[in-house]
Every structure is written in structure tokens, then in C-alpha cells.
Amino acid sequence: MATTNVCPAPMKATSNGSWQGDNPLDYALPLAIVQICLVVLFTRTLAFLLKPLRQPRVIAEIIGGILLGPSAIGRSQKFLDAVFPKRSLTVLDTLANIGLLFFLFLVGLELDLNAIKRTGKKALAIALAGISLPFVLGIGTSVVLRSTVSKDVAQAPFLVFMGVALSITAFPVLARILAELKLLTTDVGRMAMSAAAVNDVAAWILLALAIALSGDTSPLVSLYVLGAGIAFVLLAAFAIRPMLAWMARRSPEGEPVKELYICATLALVLAAGFVTDTIGIHALFGAFIVGIVLPKEGPFAGSLIEKIEDLVTSLFLPLYFVSSGLKTNVATIRGAESWGLLCLVIFTACAGKIGGTVLVSMAYKISSRESLALGFLMNTKGLVELIVLNIGKDRKVLNDQTFAILVLMALVTTFITTPLVMAIYKPARRVAPYKHRTVEGANGVNTELRILACFHSTHNIPTMINLIESSRGTRRRGIVVYAVHLMELSERPSAISMVHKSRLNGLPFWNKKRHGQDHIVVAFEAYQQLSSVSIRPMTAISDFSTIHEDVCTSAQQKRASLILLPFHKHQRLDGVLESLGQDFHHVNERVLLYAPCSVGILVDRGLGGSTQVSASDVSFSAVVLFFGGRDDREALTYGARIAEHPGIGLTVLRFLPAAGKNLTWNADQSVTVNDQDETGKSDKELDEECITYFKTKIIPAKPSISIEEKEVGSKEEVIEGIEGVNKCNLFLVGRRTPTVPLESRTDCPELGPVGCFLASSNFFTRASVLVIQQYDEASHQSLKVEEVEESQEVPDTPAHDGITNNAAFNQARVANSMIG
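*Asks:* Could you give an account of the overall build of the chain, naming the residues involved and the relevant values?
*Replies:* Across its full length, the chain carries 28 helices and 14 strands. Of all 820 residues assigned to the chain, the portion counted as buried reaches 55%. Considering only contacts in the chain between residues 6 or more positions apart, those separated by 24 or more positions represent 80%.

Given below as C-alpha cells:
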């Protein structure tokens, strides 16, 4: 009896609910929701586990897709039938490709054709070598594969697909790795980005060729497909671009982009995808071309990125990796022959990319170490590689075994990039040496005080500005403030773009009046106009585990005497200090360890209120708690400078041990300090000299300054003395004060024994606290920094004229690569 195959009935969209006997997993919408949630949870967990290895998230997503497929968890048929049944794969692939469509539109937005046109001969030669040699080796490898595991595939398409697969450099993944390693604006980073941009465009052209050749019809049809594709590109350049430029011109700075323009652009992306799919290339090409031709200037492109990227990259794009992983079965690679072919493909991919790049780089007299680093960076694969492989598999050019081999090749080559580059290329940051690394050292009449003031959000700004206003003093030369916005580097495409522009131009991206951040710029610009303080806004965009390097290196480049950091807790309306997270806490601890100058941590309780206070309205009282030691002397010096402001009163409360006693009652709990300085004087002698100078020189010149000395014989008496302070708005205290901790337990040891108590809930006050640590060369731990000779002094401030080819400026720009 003849048997007939019966196609399963299509899935309905929604169920009637489990109470009415329906299984939600048998219906398209609830099943898609479960799939999305599972994929996001699984890939984000893997990304968290791989974070210590500093791997880009794409690695976690590729691994996650493979593990959920038939290579690992998907080996359970029950799991596949329940979560990824075959009849649901059409819906899954459709959602994944819609997400991919808009992601490729974002990638096109990131590529600036004008920058590619300006690519120098060196980067162009490196890009061409990084494409041609691996392409040739890929063709050679394809001959081996066709004679073993890919015997039945068409020859011409297979040759081209193999060449493209081995010659690709993933531009978005490379940008993320460079940003993570802080190499975006080094010579190697700029060269890699320029070469990768050229490589990206060339790869898409080659992929279009491969798709055109992979059809089942005659070669004449392939020519028609290529001709129609070229016609679409010309249409995009001469018809679609003017339309998008018109919408961009009608979207002025400072105003929201019209919803009609956003809708029209998104619909245009989908329509372009439909056209290129109809032509026979792939829907992704249409979206990519629209992204390339869309004008990059103005707020229009930024608005589109903000509205698309989170939804696409967080929810839909991971589905594409799972869709790819469901097609990847590592179990098909079995036997010595298959594993040998895998090693051959990995070797030829690395040898072609790294070898071609290194040879051309060294021909241009780039050092061997930098050439090798450049080769490893250009060997980065990623999403574009998976797109090529999936198209090849869908078009029957790649079988299951070849597909699995090439997916693993992409995974291995990308995974090894970061550790290898970190191992062989650790560029020293070039900075100029300087002397005034403390407030005490920069206290001369003719010495300019330089402060690096960091902030996380607008909440920190009023108090920070009011503290700076109070610190102006009456010196002949005032203060220069570098206001640094600390931002976490995320996986968003726009974050890579922002950090690249910020570091390359030497200007903060948020100085371009981006939506929602204008008030930050306005606050500092208004303050600068109302005062004689020079404010220079900057941006540090890095992972929080390494952002302290940006802060410390920038302080050294700007020759700062003091770094001001916001405390990792902010005050709620009920007065309780609430933590913003351990990441901010660890940033402060690392800056204290590696800072090249003095550091102040500001516990913000609203100094001067929640708004900026003008110079004539500054009126508050400050108290310096002086126990002794270099940090307390630094706090006293800073307090004396604050007291020069006519509206500020200063009280110095000096704690002295009672007769026969010592401030460090319990030696095991005391804070260790250096007994002697470079002159051979003890801390006690230096303390006396400091207090004597304060009494004889500072107090007589300013009646609003007073000093009180209090004998104490126990910790309780110290606490009683501090709590007895009346009408104080700001406490100044040293971090490494030579006394026992006033709190038995604390979660913020970076504030020191006294600062912990002042910031605790046990001390009821509305006063802000500034905990100061003086720079100590003996205990300072240095980052990898190379100090240049005075005759080669690095410029102190970044250039403000954007990108230039001038050699001298390029050298300065490298020196200012960490923040701008």
C-alpha cells in the first residue's frame, strides 16, 4: 500500500489557555515568547561567565546557540520537540531575520563611506592583503573539502563562499574588542578600524557575488542578479539618499525627530530588504545599503539608533545565533579526517589573515609587535561570518559537516583574538612628567590648581560645582577643572560609535547636545560663564572594571593635583545613603590605588542645595578633623584654600592624645602611615610645622578661620568630639588617619577610619564629607605609563579641530587616547 507524507497543520497564533486544555507550547506566540526568554537568559548567563576573559558578547551568543542545538542540549529529542519543534522554526527564523535586518541597518549606519574614502595607502594595502591572501587560501582549502566532505556541491559557488568565509573581518566585533582593550585611538587601533571598514565593504560585495553564483539557474541569470543589485545600489545613492537627507535636514538639533520620519525610514528598510530579496541577493543587503546611504550628521541618525538598537540587539539578534546553532551539529565532525579538516581550516584562516596583514605591515615599516597585533585583530570573525555561512547552508552550498567546521573556525579565531592581543601588545601611554601632584604642592600663589572632577550622573553635578566654586581661592592663578563623565561601555553599537568619536576628536560626544544630556553641558557652561574657573568637559567610556585606567591616565596627562570622585552611595529623600552598586565602589578603590596625584571622595549630602550656587551666595561652614599624618595635612591645606572664599567659615578641630595615651589605642586596628618623609622628618614633626604655620600665617589673615584642640583618651571621646560640631556643611578629613576605626564594621573601607563613621547611618548629619588621600610616591602603584622627556612634552589639552592628518597632531592624539 502506498504511503503519503502528510504535512503538519500550521501552528495557530494563540491558545485558549491551559485551563481549557490547550498546551501553550503548541501555539506560535507563547512558544516564541518562551524561546526568546530562554535564549536571552542562556546567552546573557554565558556572557556573564565569559566576562572575566574579556570576550565580546557575540562569543557567548555563538556558544549559546551551539549548546542549545543538536550539539549539546538539543541532543535530547524531547527538549527539541518541546521548545524548538520543527514546525516552529519558520516563525523563529522569521523573527531572527527581522532582527538581523535592522541590525545590518545599524551596521550600515556605523560605516562612514567618507572615512573609508580617506583611508590611507597603508590601511588600504593592509585591507587588501587581509582579503586577497585568505581568499586564495580559502579557494585552496575548498579543493580539499570538495574532495572529502563536500563532494556533491557546485564548484564555483563553493569556491567563492569558502574564500569569503576565510577573508571576512567582523567590523562591529573588532570595534568592541578595540574599545574593551582601549586601543581604538592607538596607531594599531586606527589602522585596524580603517582596514576592517574596507574589508567589510569588500566582503559584502564578494558575498553578493557568491549569492548570485549560487542559484540553480543558468550563468546568464547570475549576471542579471548582479546587474539588478548594482542598479539597486545606484537607486539608493541617487534616489533614497536625497529623501533621507531631506528628512535629516528637517530634524534640527534640540528637537525630537518626527514620528513620521522614523516610521518612514523603518518602512524603507523593510522595503529595501524586500527589493533585494526579490532580486535574488538577500534581504539583508537592502537594509545594509540604506544604513550606508543615510546621512550620519545631525540628530536623525542618532534617534534611529536609540529607537532600534536595544530591542534588536537584546531580543531579536540572539535568536539568529540560536537559529544558526540549531543547524550546527558538532557531532557531524567525527573521525581523524574531519578533525584534521577543522584544524586545516582554522590554520588557513589564521595564516591567511595574520600572514597577509603582518607581511604588508612590516613592508610599511610597522614594528613586528604591532604588525602581529594587527594581524590578530584583523582575524576577528563574528556575526557577518555566520550570515555568510547560513546563506551558504540555505542555498545548499555548504552541507552539515562543512557548516559545523566553519562555525567552529569562526568561534575559535574570534575567541583567541583578545587574549593574544593582550599578551603581545601592551602599549605604554605617553605622558609628560609633572611636579604638583598634591594640593599641598600646588598651593603657591603662582601655581595653578588642576582638578579632575568625575561624576556618574546629573545627581553629582550641583554639589561638585559648589565644591569647585568654593575652591577657587584668591590666588593669582586660579583652578582648571576637567569635568569627566564616567560612562559604562555597553554592547550597544552606539556605545562603540560614541567612544570612538569621543576619544578620536578629543571632545566629549555629549557636548554635541544629544537628547537628554543637554542639561549636563548647560550646567557646566553656565557655571564657567558665571565664574573665573576654566571648565573642560570630557568623557570616559569604558568597562567599569578598567575605567580607573582612564581616570588615572587622564589625571597624569592633564597634570592634575586632585581627583574628585563621587561616593558610591547617594542620599535618598529620607536621608539614608543608598548604594548605586558595587561597580562604582570598586572604581573608587582602584583609583585610590593607582592615582598619580591626591584623591578626594565626596560623600554628597547636598552641599549648597540641589542647584548651582553663584559666587556671591556661597555661605557655609567647613570643619577639618585633624588627627595627624600626610592625608590630614592635605585636608587642612585644601580647607585653608576653601576658607579664602569670603562666604565660608572654617574650623579646624585637632584631636590630641591625653597625657600618657596614644591615638592608636589598639595597634592591630590602627591605620599605618609613613613615619618619615623624604626629608627625614617624622609625621609628628611635620604635623607640628603644619599647625604652627596655620596658626601664625593663615588664621591672622582670615578671622573666619579658627582652630580648636581637644584632648581625647578613647574612641568614645573622639566620637563625642565629632558629634559636638554644630552648624557644619562640609567635613574635611584624611583617609589614612592614624587612629582606630570609629565604626566596628563598615562596607566602605576606602573612606578610612574617620570617613566611614561620617558616612555611616550612626552619624546623624546633613553635612557632606570630603575624604582626602594625599599622593604618596612610596605607596603609589603605577599603571603602564611611559614618561617622556620635558623636551618632548605631550600637549596638555586635546586639540579641538577634529581629525587631521598632521603628524604632530597624530602623536598628541595618541597620547590623549584614553579620554580625549
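*Asks:* An account of the packing of aromatic side chains is needed here, citing residue identities and associated values.
*Replies:* Under the criterion given, the structure shown has 6 aromatic pairs. Judged by centre distance (6.0 Å) and plane angle (65 degrees), the rings of phenylalanine 79 and phenylalanine 84 are edge-to-face. The burial state of phenylalanine 79 is the same as that of phenylalanine 84; both residues are buried. Centroid distance phenylalanine 544 to phenylalanine 584: 5.1 Å. Interplanar angle 55 degrees. Geometry classified as tilted. Note that phenylalanine 544 is positioned in the loop between strand E4 (534-542) and helix H22 (547-557) and phenylalanine 584 in helix H23 (residues 582-594), a separation of 40 residues in sequence.

*Asks:* Could you give an account of unusual backbone geometry, with specific residues and numbers?
*Replies:* With a phi angle near 60 degrees, arginine 54 is a residue other than glycine that sits in the positive phi range. Following the sequence through the fold, arginine 54 ends up in the loop between helix H1 (28-50) and helix H2 (57-68). We classify arginine 54 as partly exposed; its relative accessible area is 22%. Its identity as a non-glycine residue notwithstanding, lysine 365 has a phi of 65 degrees, on the positive side. Among the structural elements, lysine 365 can be located in the loop between helix H14 (335-363) and helix H15 (368-378). Accessibility expressed as a relative area gives 78% for lysine 365, which makes it exposed.

*Asks:* Outline the state of the cysteines, supporting the account with residue identities and numerical values.
*Replies:* Scanning all chains against the criterion turns up 0 disulfides. Not engaged in a disulfide, the cysteine cysteine 748 finds its nearest cysteine sulfur in cysteine 756; these two sulfurs lie 4.3 Å apart.

*Asks:* Tell me about the confidence of the model for the chain, and name the residues and values.
*Replies:* In this model, the chain carries a mean pLDDT of 80, and residues with pLDDT of at least 70 account for 82%. When mean pLDDT is compared element by element in the chain, helix H11 (residues 259-279) scores highest at 93, while helix H28 (residues 807-815) scores lowest at 32. Confidence drops under a pLDDT of 50 for residues 666-675, and excluding neighbours within four residues, the segment shows 20 contacts in the predicted structure. Confidence drops under a pLDDT of 50 for residues 786-820, and excluding neighbours within four residues, the segment shows 82 contacts in the predicted structure.

*Asks:* Describe the side chain of serine 471, and please don't skip the residues or the numbers.
*Replies:* If you trace the backbone, serine 471 turns up in the loop between helix H19 (461-470) and strand E3 (479-488). Polar side-chain contacts of serine 471 include one of 2.6 Å to the backbone oxygen of leucine 467. Each residue touching serine 471, except ones within four places of it in the same chain, is listed here: Ile479, Tyr638, Arg641 and Ile642.

*Asks:* Go over the pattern of salt bridges with me, naming the residues and quoting the values.
*Replies:* Overall, the coordinates contain 12 salt bridges when judged by the stated rule. Residues arginine 736 and aspartate 631 are paired through a salt bridge, measuring 2.7 Å at the closest nitrogen-oxygen approach. With arginine 736 in the loop between strand E12 (730-734) and helix H27 (752-758) and aspartate 631 in helix H24 (residues 630-642), this residue pair connects regions lying 105 residues apart in the sequence. For arginine 736, a relative accessible area of 16% gives the class buried. Between glutamate 709 and lysine 695 there is a salt bridge, with the nearest N and O atoms lying 3.0 Å from each other. Of this pair, glutamate 709 sits in strand E11 (residues 705-712) while lysine 695 sits in helix H25 (residues 683-701), and the two are 14 residues apart along the sequence. A relative accessible area of 41% means that glutamate 709 is categorised as partly exposed. Exposure remark for lysine 695: the relative accessible area of 36% places this residue in the partly exposed category. A single network of salt bridges, built from pairs that share partners, joins Arg654, Glu688, Lys695 and Glu709.

*Asks:* An account of a negative patch on the surface is needed here, citing residue identities and associated values.
*Replies:* A cluster of like negative charges, contributed by Glu716, Glu717, Glu720 and Glu723, occupies part of the molecular surface. Here glutamate 717 falls in the partly exposed class, since its relative accessible area comes to 33%.

*Asks:* So, the nonpolar core: which residues are in play, and what are the values?
*Replies:* Counting residues in hydrophobic clusters, the biggest one holds 146 residues, and the most contacted among them are Phe84, Phe105 and Ile387. For this core, the element with the most residues is helix H9 (residues 187-213), which contributes 16 residues. Filtering out sequence-adjacent residues up to four positions away, phenylalanine 105 remains in contact with Thr265, Val269, Ala287, Val290, Gly291, Leu294, Leu304 and Ile308. Residues Ile601, Leu625, Val718 and Phe731 belong to the second largest nonpolar core, which totals 52 residues.

*Asks:* Break down the packing of H9 against H15 for me, citing the residues and quoting the values.
*Replies:* The geometry of a pair of packed helices is captured by two quantities: the angle between their axes and the separation between those axes. Relative to each other, H9 and H15 sit at 40 degrees, their axes nearing to 10 Å. Here H9 runs over H15; the crossing is right-handed. Each of Val188, Met191, Ala192, Ala195, Ala196 and Asn199 in H9 lies in contact with H15, whose residues at this interface are Glu370, Leu374, Leu377 and Met378. Classifying every residue of the contact of H9 with H15 gives 8 nonpolar, 1 polar and 1 charged.

*Asks:* So, a nonpolar patch on the surface: which residues are in play, and what are the values?
*Replies:* The grouping of Leu220, Val221, Leu223 and Tyr224 at the surface amounts to a nonpolar patch, some 410 Å² of accessible area in total. Positionally, leucine 223 belongs in helix H10 (residues 219-249).

*Asks:* Which residues make up the sheet that holds E11, and what values go with them?
*Replies:* Taken in spatial order, the 10 strands of this open sheet run E4-E3-E2-E5-E8-E13-E12-E9-E10-E11, and their pairing is mixed. Two strands bound the open sheet, and with one partner strand each, they are E4 and E11. Strand after strand, the sheet turns through a mean of 20 degrees between neighbouring axes, direction not considered. Here 7 bridges tie strand E9 (residues 620-626) to strand E10 (residues 648-657), and the two strands are oriented parallel to one another. The residue bridging phenylalanine 620 from the neighbouring strand is isoleucine 648, located in E10. Packed onto the sheet, H19 meets strand E2 (449-455), E3, strand E5 (562-566), strand E8 (598-603), E9, E10, E12 and strand E13 (768-773) and runs at close to 170 degrees relative to E2.

*Asks:* Tell me about the side chain of glutamine 401, residues and numbers included.
*Replies:* Topologically, glutamine 401 is positioned in helix H17 (residues 400-415). In contact with glutamine 401, not counting residues within four places along its chain, are Val149, Thr332, Ile333 and Ser338.

*Asks:* Please provide a residue-by-residue account of the environment of serine 88, values included.
*Replies:* In this structure, serine 88 sits in the loop between helix H3 (77-83) and helix H4 (89-110). You can call serine 88 buried: its relative accessible area is 4%. In contact with serine 88, not counting residues within four places along its chain, are Met11, Leu31 and Gln35. Engagement of the side chain of serine 88 in a polar contact is seen with the side chain of glutamine 35, the distance being 3.2 Å.

*Asks:* Please give an account of the packing of H11 against helix H13 (residues 299-327) that cites residues and values.
*Replies:* Between H11 and H13, the least distance of the axes is 11 Å, while the angle of their chain directions is 70 degrees. In this view, H11 runs roughly perpendicular relative to H13, as classed from their interaxial angle. Between H11, through Tyr261, Ile262, Thr265 and Leu266, and H13, the contact on the second element is made entirely by Phe300, Ser303, Leu304, Lys307 and Ile308.

*Asks:* Account for the pairing of E2, with residues named and values stated.
*Replies:* Counting buried positions along E2 gives 7 out of 7 residues, so the element sits mostly inside the fold. Along E2, one buried face is formed by Leu449, Ile451, Ala453 and Phe455 and the opposite face, lined by Arg450, Leu452 and Cys454, is buried too. Note: E2 against E3, 7 bridges, orientation parallel. When the bridges of E3 are listed, leucine 452 appears paired with tyrosine 482.

The rules behind the values
Residues numbered from 1 in each chain as written. Predicted model: local features only at pLDDT ≥ 70, side-chain atom pairs only at ≥ 80, totals over all residues. Heavy atoms only, no water. Helix = DSSP H or I, 4+ residues; strand = E, 2+ residues; numbered from the N terminus. Buried < 20%, exposed > 50% of the residue type's maximum accessible area, 1.4 Å probe, protein only. Contact = heavy atoms within 4.5 Å. Phe/Tyr/Trp six-rings, centres within 6.5 Å; stacked < 30°, edge-to-face > 60°. Disulfide = S-S within 2.5 Å. pLDDT = per-residue confidence, 0-100. Polar contact = N/O pair within 3.5 Å; in protein donor to acceptor, adjacent residues only side chain to side chain. Salt bridge = Lys/Arg side-chain N within 4 Å of Asp/Glu carboxyl O. Patch = residues over 30% accessible without salt bridge, like charges linked within 9 Å, V, L, I, M, F, W, Y side chains within 5 Å. Areas by Shrake-Rupley, 256 points an atom, 1.4 Å probe, with all protein chains shown as cover. Lys, Arg positive; Asp, Glu negative; His and termini not counted. Charge placed at Lys NZ, Arg CZ, Asp CG, Glu CD. Core = buried A, V, L, I, M, F, W, Y, C linked by side-chain atoms within 4.5 Å. Axes fitted to C-alpha atoms, helices over the stretch in contact; angles between N-to-C directions. Left-handed = near helix turned anticlockwise from the far one by under 90°. Nonpolar A, V, L, I, M, F, W, Y, C, P; charged D, E, K, R; others polar. Pairing = 2+ DSSP bridges. Parallel < 35°, antiparallel > 145°, perpendicular 65-115°, else oblique.

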